[in-house]
Each structure stands twice: as structure tokens, then as C-alpha cells.
Amino acid sequence: MTMPLPPVVRLLRPRHWVKNLFVFAPLVFAGQMTDPQATLRAVAAAAVFTLAAVVVYVLNDLMDLERDRQHPVKSKTRPLAAGDVSLTTARIVLAVLATGIFGALLALPSLIIPVGLYLLINLAYSAGLKRVAVVDLFCVASGFLLRVYAGARVIDVPLSSWMLITTLCLALYLAAIKRRQELATRGTDGRSVLQEYSIPLLDRYAEMSGVAALLFYGLYVIEVRPRLVVTIPLVLFGLFRYWYLVEREGHGESPTEAVWNDVSLAVTVLAWGALSAYVVWAG
């Protein structure tokens, strides 16, 4: 049995930090994993994005506090809404994190643009864009794109167009499924934007984005890294397994929770990452 995390730690949503692994994509696919300096800079960039993401989580919880208190699930799982963390504590945490980001950006100025855009987009999202259909999906997807962009900038390598469009399609796939599951499990009460969607529409968005992600990844492999063809079965299995978890197990509201809770999916993701790194390094 796992021990429950302290309320302040839950406020920081550590399970969601796995998203910051996207920062390492340019490092891996540029073949610089064995360069200690590049690796160190990528680790630093992932740490900065972790701070930025946590700022967004805390700020979002503060802005949505009253709505979360009325929510059947978030009123129990969100530390602020549940009363497990005080407003004063949350504001102190936010101030400390913001100070840390400011200092980190002074040390790594190449991250100012991606991290700044990430914070601005998420502030706009929390302030109102999350209630605009389709725009909300692209706002969520932008976080993954900016992580990849940051990973390229911090090690000073060109950003692959194939990688960018594949990441966008994959992120839209995950965002569409997230909205689909929210709508399927709690109706339109969870988010006001869900009133603008239907399950069939979100299914079509997810299917189109998933197919496009696979297509563009395949084109990247054919055009740039032919030896990565051995990773395509893992990508297919991962997409199939994730959709199975959505349909049969009710996952999908949180992609990170799905990875943490399903051994097959977690092993697939790890195997894909390890195999990709080895193929690029060996090639």
C-alpha cells in the first residue's frame, strides 16, 4: 500500500511531472545523450519546466477554488478545495516557485521564450480560454510543444518539424480523450466547455489526431531516422493500449495517471524511450 502524500506535496501534483520528459526529446533524437553538458542543460530545462508547471497548477487551483469546492471529485482530491492546505500556504508556495523560476531563467536565458509563453498561455487558459471549445484543446497541447521547443533551445539544436507536428498531434489526441472522459463520466458539470462538445465529436478528434501522430512519426522515421522503424510497433501498441484503457477501464482523464497505473503502458513508454535512445546512439 502506498502512503498518501502530504497535502502540500499533493498541491504540487508530482505525478504530472512526467510530462516534462518531453523536454528530453530533442536531446535523444539529436543523438546528444552522451554529451554531459547537453544532458545537464536538458535536465536543468526539465527542472525549470517542472517549476513552471507547478506554478500553473497552484495558480489554477487558486483561481478555481470556489468551483472546485462545488465539484464532487475535486472538492475531495484538490488540497485547497478540500481545506487541507490554507490560502496563505498556497500563496507562499506560489511566491517561492515564482522566485525560483525567475532565478533559473536568469541562469538559462534560452528558456525565457518557451517558459514565458507557457506561463502566458496557461494564465490566459485559466482566465477564460478553457471555456472556448477547441481553443481549450490547443492550449493544453501547447504545453507539450513548448517543452519540446525548450529542449531544443537549451542544447542549441534545430527543432525538427517532424518532431513538432508529431508532438502536436499526440498532445491533441491526449487532450481530446481527456475531455471525452470528463464528459462521459461527469457530464457537463465538470467544465463549462463540455457543453460545447459531444462524445462522438471528441472521439473523431482523438481518432484523427492519433492517426496523424502515427503518420507523422512514421514520416520522421522514413525521412530522418530509418533505423527507428523498430520503434513503430511500440508506438502502435501504446496507442492501442491507451485507447483500451479509455474504453474498458475508464482511464483517460489524466494520461499521467494512466501511465502510472498500467504496467503494460508504463513498460511500453519506457521501452520506446530506451530503444529510441539506443538506436540513435548506435546509428
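Above this note sits the structure.
Residues numbered from 1 in each chain as written. Predicted model: local features only at pLDDT ≥ 70, side-chain atom pairs only at ≥ 80, totals over all residues. Heavy atoms only, no water.

**Observations regarding the environment of Leu-11**
Basically, it comes down to this: Helix numbering and strand numbering both begin at the N terminus, where a helix is a DSSP run of H or I of at least 4 residues and a strand a DSSP run of E of at least 2. Here, residues are in contact when the closest pair of their heavy atoms is within 4.5 Å.
Position of Leu-11 relative to the elements: it lies in helix α1 (residues 7–11). Distance in space between the C-alpha atoms of Leu-11 and Ala-271 is 30 Å, their sequence separation being 260 residues. Setting aside its immediate chain neighbours within four residues, Leu-11 contacts Tyr-57, Val-58, Asp-61, Pro-79, Leu-80, Val-85 and Ala-90.

**As for the nonpolar core**
Quick note on the threshold: Only buried residues count toward a nonpolar core, which is a set of Ala, Val, Leu, Ile, Met, Phe, Trp, Tyr and Cys residues joined through side-chain atoms within 4.5 Å. Think of it in three bands: with a 1.4 Å probe and only protein chains considered, a residue is buried below 20% of the maximum accessible area for its type, exposed above 50%, and partly exposed in between.
Ranked by size, the top nonpolar core spans 38 residues in total, and within it Val-48, Phe-49, Val-58, Leu-111, Val-115 and Tyr-118 carry the most contacts. Secondary structure elements with two or more residues in this core: α3 (36–63), α6 (79–82), α7 (87–107), α8 (112–127) and α9 (135–154). Tallying contributions element by element places α3 first for this core, with 13 residues. Once residues within four sequence positions are removed from consideration, Leu-111 is found in contact with Ala-45, Val-48, Leu-105, Gly-116, Ala-150 and Val-154. The next biggest cluster of nonpolar side chains, apart from the first, holds 24 residues, and it includes Ala-25, Tyr-217, Val-221 and Leu-265.

**A word on empty space enclosed by the protein**
What counts, and what does not: Using a 1 Å grid laid over the protein atoms alone, points where a 1.4 Å probe fits but cannot get out form a cavity; open sets with protein on both sides within 12 Å along at least 5 of 7 lines form a pocket; any residue with an atom within 4 Å of a point counts as lining. Grid points are joined across faces, edges and corners, and a volume is the space filled by probe spheres set on the points. Amino acids outside the nonpolar list (Ala, Val, Leu, Ile, Met, Phe, Trp, Tyr, Cys, Pro) and the charged list (Asp, Glu, Lys, Arg) are all regarded as polar, and Gly is one of them.
Summed over the entire model, instances satisfying the criterion amount to 1 cavity of 30 Å³ or more. Its volume calculated, the largest cavity comes out at about 30 Å³. Around the largest cavity, the lining residues are His-71, Lys-74, Glu-182, Arg-186, Gly-190, Arg-191 and Leu-194. Looking at the lining of the largest cavity residue by residue, the class counts come to 1 nonpolar, 2 polar and 4 charged.

**Description of the packing of aromatic side chains**
Test applied: Paired rings are identified among Phe, Tyr and Trp, the last through its six-membered ring, by centres lying within 6.5 Å, and are further divided according to the angle between planes into stacked (under 30 degrees), edge-to-face (over 60) and tilted (the rest). Sitting over a ring, as applied to charges here, requires NZ of Lys or CZ of Arg to be within 6 Å of the ring centre and within 35 degrees of the ring normal.
Scanning the model with the defined rule gives 9 aromatic pairs in all. Here the aromatic rings of Phe-29 and Tyr-220 are separated by 5.8 Å at their centres, their planes lie at 85°, and the arrangement is edge-to-face. A residue pair is termed long-range when its members are at least 10 positions apart, and Phe-29 in helix α2 (residues 25–29) and Tyr-220 in helix α11 (residues 199–223) qualify at 191 residues. Accessibility classification places Phe-29 together with Tyr-220 in one group, the buried group. For the pair Tyr-278 and Trp-281, a centre-to-centre distance of 6.0 Å together with 45° between the ring planes defines the contact as tilted. With a gap of 3 residues between them, Tyr-278 and Trp-281 both fall in helix α14 (residues 263–282), about one helical turn apart. By way of ring pairs, the aromatic residues Phe-29, Tyr-217, Tyr-220 and Trp-272 are connected into one cluster. Geometry around Phe-144 places Arg-147 over its ring, the cationic atom sitting 5.9 Å from the centre.

**Considering α14**
Here is the rule we go by: One fewer than the residue count of a helix, multiplied by 1.5 Å, yields its expected span.
With 20 residues, α14 ought to run about 28 Å at 1.5 Å a step, and its terminal C-alpha atoms sit 28 Å apart, in line with that. In this structure, the buried side of α14 is in contact with α2, α11, α12 (232–249) and α13 (255–261).

That is the geometry; function is a separate question.
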